[in-house]
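# Descriptive analysis of the structure
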Protein chains: 4
Amino acid sequence: MAIEGTSERRERRIRLGMVGGGSGAFIGAVHRIAARLDDHYELVAGALSSTPEKAESSGRELGLDPSRVYSDFKQMAIREAKLKDGIEAVAIVTPNHVHYAAAKEFLKRGIHVICDKPLTSTLSDAKKLKKAADDSDALFVLTHNYTGYPMVRQAREMVQNGDIGAVRLVQMEYPQDWLTENIEQSGQKQAAWRTDPARSGAGGSTGDIGTHAYNLGAFVSGLELEELAADLDSFVEGRQLDDNAHVMMRFKAKGGQRAKGLLWCSQVAPGHENGLMVRVYGTKGGLEWTQKDPNYLWYTPFGEPKRLITRAGAGSGPAAARVSRVPSGHPEGYLEGFANIYTEAARAIFAKRRGEAIDPAVTYPTIDDGMKGMAFVDACVQSSKRNGAWVKL
Amino acid sequence: MAIEGTSERRERRIRLGMVGGGSGAFIGAVHRIAARLDDHYELVAGALSSTPEKAESSGRELGLDPSRVYSDFKQMAIREAKLKDGIEAVAIVTPNHVHYAAAKEFLKRGIHVICDKPLTSTLSDAKKLKKAADDSDALFVLTHNYTGYPMVRQAREMVQNGDIGAVRLVQMEYPQDWLTENIEQSGQKQAAWRTDPARSGAGGSTGDIGTHAYNLGAFVSGLELEELAADLDSFVEGRQLDDNAHVMMRFKAKGGQRAKGLLWCSQVAPGHENGLMVRVYGTKGGLEWTQKDPNYLWYTPFGEPKRLITRAGAGSGPAAARVSRVPSGHPEGYLEGFANIYTEAARAIFAKRRGEAIDPAVTYPTIDDGMKGMAFVDACVQSSKRNGAWVKL
Amino acid sequence: MAIEGTSERRERRIRLGMVGGGSGAFIGAVHRIAARLDDHYELVAGALSSTPEKAESSGRELGLDPSRVYSDFKQMAIREAKLKDGIEAVAIVTPNHVHYAAAKEFLKRGIHVICDKPLTSTLSDAKKLKKAADDSDALFVLTHNYTGYPMVRQAREMVQNGDIGAVRLVQMEYPQDWLTENIEQSGQKQAAWRTDPARSGAGGSTGDIGTHAYNLGAFVSGLELEELAADLDSFVEGRQLDDNAHVMMRFKAKGGQRAKGLLWCSQVAPGHENGLMVRVYGTKGGLEWTQKDPNYLWYTPFGEPKRLITRAGAGSGPAAARVSRVPSGHPEGYLEGFANIYTEAARAIFAKRRGEAIDPAVTYPTIDDGMKGMAFVDACVQSSKRNGAWVKL
Amino acid sequence: MAIEGTSERRERRIRLGMVGGGSGAFIGAVHRIAARLDDHYELVAGALSSTPEKAESSGRELGLDPSRVYSDFKQMAIREAKLKDGIEAVAIVTPNHVHYAAAKEFLKRGIHVICDKPLTSTLSDAKKLKKAADDSDALFVLTHNYTGYPMVRQAREMVQNGDIGAVRLVQMEYPQDWLTENIEQSGQKQAAWRTDPARSGAGGSTGDIGTHAYNLGAFVSGLELEELAADLDSFVEGRQLDDNAHVMMRFKAKGGQRAKGLLWCSQVAPGHENGLMVRVYGTKGGLEWTQKDPNYLWYTPFGEPKRLITRAGAGSGPAAARVSRVPSGHPEGYLEGFANIYTEAARAIFAKRRGEAIDPAVTYPTIDDGMKGMAFVDACVQSSKRNGAWVKL
């Protein structure tokens, strides 16, 4: 039970605004719970919808002060930046194509941005956003939330500690089944925007979930992707974006060790609700983590019995303890992992407030992770168009 | 993704106080997160410790108004009851022997009580508390938190729907390993009070975790315990309370069907972090749920393939959906289950506020569940003293 | 791949007879495969049925020399004992009530007996059989086949090596579901004799599977049962023998360490095909083995990560290697475990042939294990009749 | 318990010879057990080693008549073909490069051949062997043993029955870890020949295990491979053949449905002993089977709860029952699966003996499966040399 933990509020709460996430939106509610869990944030303003009536009713439901309910994110950025107690950070939870336009308004006014992934819908937007983030003193946090899971942190720490030797293989998969049938044409809103190139970008499953899998593989292995060869499909009749992707990867050698990877993402694999998994194999051992059972990490040192490390249990180290709340055997889940991104961001924001340097242990996905995700999607699409030719990243 | 869900705040937050739960207390932090998760409560006052300095520092850390930080729960009850915006509910998270004294002060002033389990440390206190709760118009909610897990609700609903026929067997177990060695004498605070009869009561593992297992078995099966035969042990040298218990059970027949049960709880079973499990078998099928993998429910209709029902997935019904937040495949855990008790309590408190009847679907453990838990511990201790004789409940 | 293994035939095959096991009998076929697997036996004679026609047709199907097909086991014993190349060993696979009468005929003629469990149908028969076995120079092997599984051997070896410290707890369970409904009255032959006191004895589930679970717990833990308290049931209307049993156990202290146990066996637990499981907990660690996944052994040293030891894999020792055939990752199953009993018996028979002492490493269940099983069933029945009073073994 | 089963001997045993498989050889012992399990074969002759002394001692150990122990397979073929009771079938269990030369000698003399996989070490040998098999009236059986597992048969049957709709995806993997280090240069014999191009052929992991995975995927899905793109590696310094392969696949459309696949095989993935797995996804559901837990098959009909079908349990159909021996819950393993190939072969051989047509239900891998495996390896090697270009099969 020696958990350092995420620590509850001991500093004044961060005033948070939100763009997107009106009534009925799945990911907006997730961000709000994540922000609330450790009590480091207080939602005080929102441009929750671009439809004024919906923005208003959503704001009312969430108990926001009506004067701080907006239907336009730019207005919100302008006004909140001027308020004495204006928002210090904003969560952007819109469809992908709005990310850039929204984020830049807040970044240029020094308001920290916590943005859903993928970074943007186009590579050109991504580059502009990268510039906006680089030019701003405000933080840019991308919610590649799966990196917030304690046992993912544990895996990364073990790779860094050399527990599995030099990494040779990174196997990633992220199968789902919710798009097995053509529900985008029968009114399912989530499906509609996620399969629409105008709102999602050039990647379907690659953008929506492939980026998560790739990000996780890179996060855990510490490797950098050099080139990939991809075979994308839209299995469902009439679907405009890929719903399945097979990707072979070659990573940059590290310490003289060549490394390869395989990535499968799918939204048409019946039986898989959210089957994100990452497996990493090195010269001395292996690691396996599965999102649906997130409190476990298999560690398989070569030539020794398999070990099952549990969150906050024996063998679980400081990187996991830092983002754990409850003792081992008491499962933490998706929301806690998501909240860890918010809490790590809060630690950074608190440091900024105090004018101090950010503790190097603070870990969250950044604009650069976002750029890599965009480059990954772009390379997948390019490679697939060229019949699976290798494309450099 | 058709989750009715726990619904975020749409009503004014409930003003909450807390007794116990100062810095470093595990369960206090858990209650606070649980209260916060769905944004139905706001912690505004606390008697977080009976040591004034600790009460004060704990209150400061949590950002409480200093005028509402108390070192005496009675003072808190008296003053808060008079304030215009005084607390509407209080969470009691002290060691067991304080529950009764604290709870009665709030109940008699009409302040709703959310109390940790077991109900009290003695049966006599329990009876007095039962009276106090019955005499009060305020609600009494006991945090048998495991009943808040969606798939536990699902299991109960399936039993009620007759999916497994008439119940014959209820097998409960709750093994842990944290008291495998005598840590209570080497300064581990949690261990110290939980193995101390003066603070915990007559039951050790039976009171601390056996009550949870029994409560869960009864909750899922809908059966009432008639008699039990128990064999208790204190395996660790010098330990004053039981750290292992074997219990045979006979339930009251229901619909003409006799039913039996077996309960094992232990704190000396190496490898078990928090191994609560309940299995129920009827004339037509079986159900199995394990706390460490809480998003799964095995349903085994006799003569058909085994089915794995996942939270919010196919086959998961309204009772589970009511206490779910995120889509299937996105695991929820211990804190979400705990929060569900708080959210169900909030639904009841909102109804009270409005002077309306409480929706019969609202489900949380009550004073009567607490009484049953106390009777269970008492019967275990009596039976074991009488060499495992059957003791009526 | 360093498996010592079961070794194929390097000695002249043992000439084997069989009593029972005619066409359609499940367990007869199992014994024959078990005898054949490592090529140490050759089936040359049989009294496969007491019905002459069936005995004859069964013998013909198995390719037996017609002159060595009998319809009476006594005739077979008399004649085979006189033949120059008569059988050296006999497998007895009849219903329980025939075991004693058959076994004694062979034992008294110096023919080794390999007998199915439970030992007999009555305690009085068991005592007589014990005497017959003690008086004979021939070996008596009881097929408590589950002790033949490599990872059961591994568990026992680890307990002996002190890997889990002094044993405190032995938890056994053996749930099945095939008697959930009253199939004995609708012509299912297996069910008919197994629920018939005249053919099975006083115990139903306790005799059929409870003895296996108890035998396994004792085998792995090395403990001796001192007393038990049992609550037996016949849940199915009209059933004459128990179909579910709850048993609390107290073992004889070993090395000053008191130990307790719990045993559940059931034939009315839907979803369990053959759910034999044994878990042992000591002062330093725990072990868990489940029959349906027999190539795995969980080893949980206190305070360290859980370890999964696999058959013939890392951490698997000589006791398991001795009864393994194929490399790790290539699952062995029920028939291989059963064959291991036959192969261990063959090793003993070969030693006898050569007039040598039997290697102390040779391990198989004996008449004494059979006696303990009978005493267990008897104690269960007595205790249950006396409302769960403790009965000494 | 309604198992049709593999049926024990009811016909005169098939006289079997063996080429290779002398003392110490792993796969030779496996073939012998497989041949013996259902008692359809009798080993009567052998060219167990090309070293005369070893051939002789191995023959003696196995109890063969010395006059039928050979050190040259050609001599054995010639002489046995002339004997009145000469062998009817031969098992070839040598390293790959001997397969062709040995097989042709028996095929041309009308002796049935049961040959280990892969078919040969070179494509040119394979073509010649194909011709030899086609020209012979004798049967040619390839021991792609994993197709013998009952739940693999079950999966294939369900695909054929349309239970998962039209197949879109076939995901195969076969990771092992035994070649993680360079053991071929430190005297490990198995490693030495399997990593030697002269004895194994052009493929390392692709030939040794990749062929199994591909064969299994094709067997279950019923699809035919059209083209593949592969990225092969030899991660271990100094290794001459691939020890890891990533392969993207495109299958021929069936019923208008395009299908893709992914295959990963590796011998350098620590923690994987023998991790063969196949997953197939169609328009209506998915199937998942893992070799290390072979008695289970996950069936996931889209939009319904996941189902776990167990061997011989509810939901398990005739194709599995045909190759099952014991009731559900009694695990069968690798040897039983292997034996099923032998038993299916025996059924065909019995039909040949009687001059009858072979029952169409008889299922075993043939020369054509062997040819496909060789083509797969060749295509992998070609594609990898051409930097992952698509290669038609």
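Please read all numbers here as calculations on a predicted model, not as lab measurements.

So, about the UniProt feature "domain: Gfo/Idh/MocA-like oxidoreductase N-terminal" (unreviewed entry) in chain A. Following the UniProt record, one finds the feature "domain: Gfo/Idh/MocA-like oxidoreductase N-terminal" (unreviewed entry) at residues 14-141 of chain A. Along residues 14-141 of chain A, the helical share is 42% and the strand share 18%, with 15 Å between the first and last C-alpha atoms.

The next point concerns the packing of helix α6 (residues 150-160) of chain B against helix α9 (residues 205-221) of chain B. Residues and elements named next belong to chain B. Put simply, α6 and α9 touch, their axes get as near as 7 Å, and they point 45° apart. The angle between α6 and α9 places the two elements in the oblique class. Touching V152, A155, R156 and V159 of α6 are L216, F219, V220 and S221, all from α9. Of the residues that constitute the contact of α6 with α9, the class distribution is six nonpolar, one polar and one charged.

Residue and element names in this part refer to chain C. Strand order in this open sheet of five strands is β2-β1-β3-β4-β5, and the pairing throughout is parallel. Sheet topology places β2 (41-47) and β5 (140-142) at the edges, where each strand pairs with a single neighbour. Pairs of neighbouring strands in the sheet enclose a mean axial angle of 25°, with direction left out of account. In this structure, strand β1 (residues 14-19) lies alongside strand β3 (residues 89-92), joined through four bridges in parallel fashion. Pairing of L16 across the sheet is with A89, part of β3. Where helix α1 (residues 26-37) meets the sheet, its contacts fall on β1, β2 and β3, and the angle it forms with β2 comes to roughly 150°.

Let's shift gears to helix α2 (residues 52-61) of chain D. Residues that lie three or four places apart on an α-helix share one face, since the helix turns once every 3.6 residues. Residue and element names in this part refer to chain D. Inspection of α2 places A55, S58 and G59 among the buried residues, and these make up the whole buried set. Buried residues of α2, seen end-on, are gathered within an arc of 100° and therefore sit on one face of the element. In this structure, the buried side of α2 is in contact with β2 (41-47). G63 occupies a position one or two residues after α2 and carries a positive phi of about 75°.

We now examine the sheet that holds strand β4 (residues 112-115) of chain B. Residues and elements named next belong to chain B. A sheet is described by the order of its strands in space; here five strands give the open sequence β2-β1-β3-β4-β5, paired in parallel fashion. Two strands bound the open sheet, and with one partner strand each, they are β2 (41-47) and β5 (140-142). Here the average twist between neighbouring strands, direction ignored, is 25°. Relative to β2, strand β1 (residues 14-19) runs parallel, the two sharing six bridges. Its bridge partner lying in β2, R15 is registered against E42. Seen against the sheet, helix α3 (residues 73-82) touches β1 and β2 and runs at an angle of roughly 130° to β2.

This part is about the pairing of strand β13 (residues 306-310) of chain A. Residue and element names in this part refer to chain A. Pairing between strand β12 (residues 296-301) and β13: four bridges, direction antiparallel. The residue bridging W298 from the neighbouring strand is L308, located in β13. Between the end of β12 and the start of β13, which pair antiparallel, lie four residues, with G303 showing a positive phi angle near 80°.

A few words on the relation of the copies chain B and chain A. Mapping chain B onto chain A leaves a residual RMSD of 0.0 Å; the transformation is a rotation of 180° accompanied by 0.0 Å of translation along its axis. On this basis, the relationship between the two copies can be described by a two-fold rotation axis. Considering only C-alpha atoms, the part of chain B nearest the rotation axis is G333(B), at 2.6 Å. Take the interface residues of chain B: 100% of them recur as interface residues in chain A, which is what a same-surface contact looks like.

Right, let's talk about the packing of helix α3 (residues 73-82) of chain D against helix α4 (residues 96-107) of chain D for a bit. Angle between the axes and distance between the axes are the two parameters that describe a pair of packed helices. All names here are of chain D. α4 packs onto α3 with a crossing angle of 10° between their chain directions and a minimal axis gap of 9 Å. By the angle between their directions, the pair α3 and α4 is classed as roughly parallel. From α3, F73, K74 and A77 reach across to α4, where they touch A102, E105 and F106. Within the contact of α3 with α4, the residues separate by chemical class into four nonpolar, no polar and two charged.

What follows concerns the UniProt feature "domain: GFO/IDH/MocA-like oxidoreductase" (unreviewed entry) in chain A. The UniProt record marks residues 152-288 of chain A with the feature "domain: GFO/IDH/MocA-like oxidoreductase" (unreviewed entry), using the residue numbering of this structure. Taken end to end, residues 152-288 of chain A is 26% helix and 36% strand, and its two terminal C-alpha atoms sit 9 Å from one another.

All names here are of chain B. Burial along strand β3 (residues 89-92) is two-sided: A89 and A91 facing one way and V90 and I92 facing the other are all buried. Bridge count for β3 against β4 is four bridges, and the pairing is parallel. Paired with V90 across the bridge in β4 is V113. Traced from β3 through helix α4 (residues 96-107) to β4, the parallel crossover comes out right-handed.

A common way to express how large an interface is: the accessible area buried when the components associate. Each partner contributes residues to the interface: chain C has 30 residues there, and chain B has 30 residues. Secondary-structure elements contributing two or more residues to the side of chain C that touches chain B are β6 (167-175), β7 (225-233), β8 (244-254), β9 (257-266), β11 (285-290) and β12 (296-301) of chain C. Per-element tally for the side of chain C that touches chain B: the top contributor is β9(C), with four residues. Within the side of chain C that touches chain B, the residues separate by chemical class into 13 nonpolar, eleven polar and six charged.

The next point concerns unusual backbone geometry. Of the consecutive residues K117(B) and P118(B), the connecting peptide bond is found in the cis state with omega at -10°. Inspection of the secondary structure assignment puts P118(B) in the loop between β4 and α5 (123-135). You will see that N387(D), though not glycine, has its phi angle at about 55°, which is positive. Looking at the element boundaries, N387(D) is found in the loop between α12 (367-385) and β14 (391-392). Judged by the 11 C-beta atoms lying within 10 Å of it, N387(D) is exposed.

The subject of this paragraph is the domain arrangement of chain A. Residue and element names in this part refer to chain A. Taken domain by domain, chain A holds domain 1 (14-142) and domain 2 (147-322 + 369-385). Between the C-alpha centres of domain 1 and domain 2 the distance comes to 27 Å. Between domain 1 and domain 2, the residue contacts involve 14 residues of the former and 15 residues of the latter. The greatest single-element share of the side of domain 1 that touches domain 2, amounting to three residues, is contributed by helix α5 (residues 123-135). When its residues are assigned to classes, the side of domain 1 that touches domain 2 shows seven nonpolar, five polar and two charged.

Moving on, we come to helix α1 (residues 26-37) of chain B. Residues and elements named next belong to chain B. With twelve residues, α1 extends 17 Å from end C-alpha to end C-alpha; this agrees with the ideal 16 Å at 1.5 Å per step. Of all twelve residues in α1, ten are buried, a share of seventy percent or more. Once α1 ends, the next one or two residues include D39, with phi positive near 65°.

Turning our eyes to something else, we now look at the interface of chain B and chain A. Listed as interface residues are 34 residues of chain B and, on the opposing side, 34 residues of chain A. For the side of chain B that touches chain A, the elements supplying multiple residues, two or more each, are α1 and α11 (334-354) of chain B. Element by element, the count of residues in the side of chain B that touches chain A is highest for α1(B), at seven residues. Among the residues forming the side of chain B that touches chain A, the class breakdown is twelve nonpolar, nine polar and 13 charged.

Next up on the list: the environment of L263(C). Note that L263(C) resides in strand β9. Each C-alpha atom, one on L263(C) and one on Y174(C), is 8.0 Å from the other, the two residues being 89 residues apart in sequence.

Scoring rules and cut-offs
Residues numbered from 1 in each chain as written. Chains lettered and ligands numbered in written order. Predicted model: local features only at pLDDT ≥ 70, side-chain atom pairs only at ≥ 80, totals over all residues. UniProt positions renumbered as here; feature names shortened; annotations may be inferred. Helix = DSSP H or I, 4+ residues; strand = E, 2+ residues; numbered from the N terminus. Axes fitted to C-alpha atoms, helices over the stretch in contact; angles between N-to-C directions. Parallel < 35°, antiparallel > 145°, perpendicular 65-115°, else oblique. Contact = placed C-beta atoms within 7 Å. Nonpolar A, V, L, I, M, F, W, Y, C, P; charged D, E, K, R; others polar. Pairing = 2+ DSSP bridges. Buried ≥ 20, exposed ≤ 12 C-beta atoms within 10 Å, placed from the backbone. Arc of directions from axis to C-beta. Least-squares fit on C-alpha atoms with pLDDT ≥ 70 in both. Right-handed = clockwise from strand over helix to strand, strands pointing away. Domains from an automatic or database assignment. Expected span 1.5 Å × (residues − 1).

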